[in-house]
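# Notes for the structure review
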Amino acid sequence: MDLHALKAVMFPLLAIGSALALLLAAGKPWEERFLKAGVIGAVFAKIAGCVLLYALQPSLIRHSDARNFYLPQTLRLLSGEVPNRDFASSYSFLFTPLLAPAVKLWSSPGSIALMMILAETAMLWVYLARCRREAWKGAWRVAFLYALSPFSCYWVAISGHNGVLIAFWVMLGLVLAEGGRAALSGTAAALALLTSKVLALLAWPGLVLFDREKRMTRLLPMVGSLAAV
């Protein structure tokens with residue numbers, strides 16, 4: 001089965017299957033245990049699948065940004081070249097240094113996809129920790145549907161797209177803003193830009209306008225980060 005067939009057949013089944021599993025488990029005494037096992041199992045399955053795919057059949061992934069842009073630029077950084085001086089890059093200046101340790105260990109797009117899986121896992125942890133503090137019982141349902149979504153499985157675990165870095169920092173920034181830690185919230189928003197790309201700016205209004213209290217404190221790190229792009 002090639003990658004197109006996988007997307008056409010397996011991903012709809014995954015989306016429908018996870019939704020049905022959630023409905024069947026709803027209200028059962030074992031629901032939370034089932035959901036936790038599903039989320040944790042999905043994370044380890046993505047890691048294992050990523051390693052196997054890129055170790056055994058890397059040619060299946062031909063058009064991902066991780067293969068065509070992230071990896072070549074990170075390799076050039078590791079060879080001593082400087083982004084936007086020795087080679088053109090559309091990513092922020094911390095992006096390739098963030099990927100460099102993983103790429104140095106494994107010179108493959110798979111190492112980048114693994115980094116994105118870790119960022120996604122960290123994002124889920126931040127979300128679940130926040131919901132636990134608020135005693136919201138629906139958190140594991142949300143995490144289950146996200147962890148088993150085709151979006152996560154393809155764009156993060158297979159393609160290694162860097163959009164999940166923005167999602168992690170924005171999630172962290174929102175949680176920090178909710179907790180009244182305005183400076184750290186703004187710093188998280190700034191890091192969303194500095195470790196990824198200008199697309200992160202689309203998420204900034206939500207953090208700036210989260211509330212009126214300490215709005216300028218949140219905004220200052222964001223404005224400062226623009227000078228470094």
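Here we come to the packing of aromatic side chains. Counted according to the given criterion, the structure contains 8 aromatic pairs. Between Phe34 and Phe144, the aromatic rings sit 5.6 Å apart at their centres with planes inclined by 40°, giving tilted as the arrangement. On the criterion of sequence distance, the pair formed by Phe34 in helix α2 (residues 31-56) and Phe144 in helix α6 (residues 139-147) is long-range, its members being 110 residues apart. With relative accessibility at 31%, the residue Phe34 sits in the partly exposed group. Here Phe144 falls in the buried class, since its relative accessible area comes to 3%. Between Tyr91 and Phe95 the ring centres are 4.9 Å apart and the planes differ by 40°, which places this aromatic pair in the tilted class. Each member of the pair, Tyr91 together with Phe95, is buried. Three or more aromatic residues joined by ring pairs make a cluster, and in this case those are Phe11, Tyr154 and Trp155.

With that settled, the discussion passes to the nonpolar core. The biggest cluster of nonpolar side chains holds 24 residues, and the ones touching the most others in it are Tyr54, Tyr70, Phe95, Leu99, Ile112, Met116 and Ile158. Looking at this core, the elements that each hand over two or more residues are α2, α3 (65-78), α4 (95-105), α5 (109-133), α7 (150-158) and α8 (163-178). Ignoring sequence-local partners within four residues, the contact set of Tyr54 consists of Ile61, Trp106, Ser108, Pro109, Gly110, Ala113, Ile158 and Ser159. Counting 17 residues, the second-largest nonpolar core is a separate cluster that includes Val175, Leu176, Trp204 and Met222.

In the Ramachandran plot, Asn84 falls in the positive-phi region, its phi being about 65° despite a non-glycine side chain. Residue placement: Asn84 occurs in the loop between α3 and α4.

A few words now on a nonpolar patch on the surface. A cluster of nonpolar side chains, namely Val198, Leu201, Leu226 and Val229, defines an oily patch on the protein surface of about 320 Å² accessible area. Looking at the secondary structure, you find Leu201 in the loop between α9 (182-194) and α10 (204-208).

Cut-offs applied
Residues numbered from 1 in each chain as written. Predicted model: local features only at pLDDT ≥ 70, side-chain atom pairs only at ≥ 80, totals over all residues. Heavy atoms only, no water. Phe/Tyr/Trp six-rings, centres within 6.5 Å; stacked < 30°, edge-to-face > 60°. Helix = DSSP H or I, 4+ residues; strand = E, 2+ residues; numbered from the N terminus. Buried < 20%, exposed > 50% of the residue type's maximum accessible area, 1.4 Å probe, protein only. Core = buried A, V, L, I, M, F, W, Y, C linked by side-chain atoms within 4.5 Å. Contact = heavy atoms within 4.5 Å. Patch = residues over 30% accessible without salt bridge, like charges linked within 9 Å, V, L, I, M, F, W, Y side chains within 5 Å. Areas by Shrake-Rupley, 256 points an atom, 1.4 Å probe, with all protein chains shown as cover. Salt bridge = Lys/Arg side-chain N within 4 Å of Asp/Glu carboxyl O.

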